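Residue-level structural notes
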Amino acid sequence: MRLATLCFLTRRGRILLMRKKCGIGAGKYTGPGGKIEPGESPRGAAAREVLEEVCVKVLPEDLELMGVCKFHFGRKHFMEVFVFKGTKFSGKPSETEEADPRWFPLRDIPYTEMWEDGRYWLPLLLAGKRFGGTFKFDPSRERLVSHRLRILPSSPSGGRRNP
Ligand code: 6U4
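Residues numbered from 1 in each chain as written. Predicted model: local features only at pLDDT ≥ 70, side-chain atom pairs only at ≥ 80, totals over all residues. Heavy atoms only, no water.

1. What to know about the nonpolar core
- Ranked by internal contacts, the top residues of the largest apolar core, which has 25 residues, are Phe8, Leu17, Phe71, Val83, Trp121, Leu122 and Phe131.
- Residue assignment for this core shows that the elements contributing at least two residues are β1 (2-11), β2 (14-20), β4 (64-73), β5 (77-86), α2 (118-126) and β7 (130-137).
- Ignoring anything within four residues of it in the chain, the contact list for Leu17 reads Phe8, Tyr29, Thr30, Gly31, Asp100, Pro101, Arg102, Phe104, Ile109, Pro110 and Met114.
- Formed by 18 residues, the second largest nonpolar core is a distinct cluster that contains Val50, Val56, Leu63 and Leu65. (Core = buried A, V, L, I, M, F, W, Y, C linked by side-chain atoms within 4.5 Å. Buried < 20%, exposed > 50% of the residue type's maximum accessible area, 1.4 Å probe, protein only. Helix = DSSP H or I, 4+ residues; strand = E, 2+ residues; numbered from the N terminus. Contact = heavy atoms within 4.5 Å.)

2. Structural notes on the layout of surface pockets
- Quantified by volume, the largest pocket comes out at close to 540 Å³.
- Forming the boundary of the largest pocket are 30 residues, of which Thr5, Lys20, Ile24, Gly33 and Gly34 lie nearest the centre.
- Of all the elements in the fold, those that place two or more residues in the lining of the largest pocket are β1, β2, β3 (29-30), α1 (42-54), β4, β5 and α2.
- A per-class count over the lining of the largest pocket returns 14 nonpolar, 7 polar and 9 charged. (1 Å grid on protein atoms, 1.4 Å probe; cavity = no way out; pocket = protein on both sides within 12 Å on 5 of 7 lines; lining within 4 Å. Points joined across faces, edges and corners; volume = space filled by probe spheres on them. Nonpolar A, V, L, I, M, F, W, Y, C, P; charged D, E, K, R; others polar.)

Dropping the structure here:
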């Protein structure tokens, strides 16, 4: 199993997505994110990836945990991803070797150019709902075979505590 993060920043009716240039899901639009390194918290890892991938500074404590997605790719590969959102950050998103960032209006999210699962859970995140989901892909990672998604009760801390 691998632990990873995804982070979605929003401001003035827009969401920051990035065209990923390498790694898993290259070519797709997604939020900044990546593997959690040993010794890192999910929140710390998410903030690091936002800076590394799109040059935007966000404090780990300003990120809100909205959901956890389990992605299965065939029988062998499995990833558990902590999904955060944030509205407080600084810096202008810039292109890096890993990604090309772009703001999209919330009403015009390019779901057809994203991972197939995003259309199920990203609207929940944007509506402020917390969720837990399991998404099974075929081994080629191209086709979503089945999924389960649950809306979770909101936590009193607004998801700001651990992890
Ligand atoms: P680092 O850690 O910098 O190597 P990266 O190469 O981006 O990161 P990688 O290639 O292991 O990481 O891919 C993990 C990223 O891909 C995580 O941010 C989660 C994301 N991801 C994987 N499957 C996904 C899926 N089905 N839907 C989705 N994001 C997915 O929205």
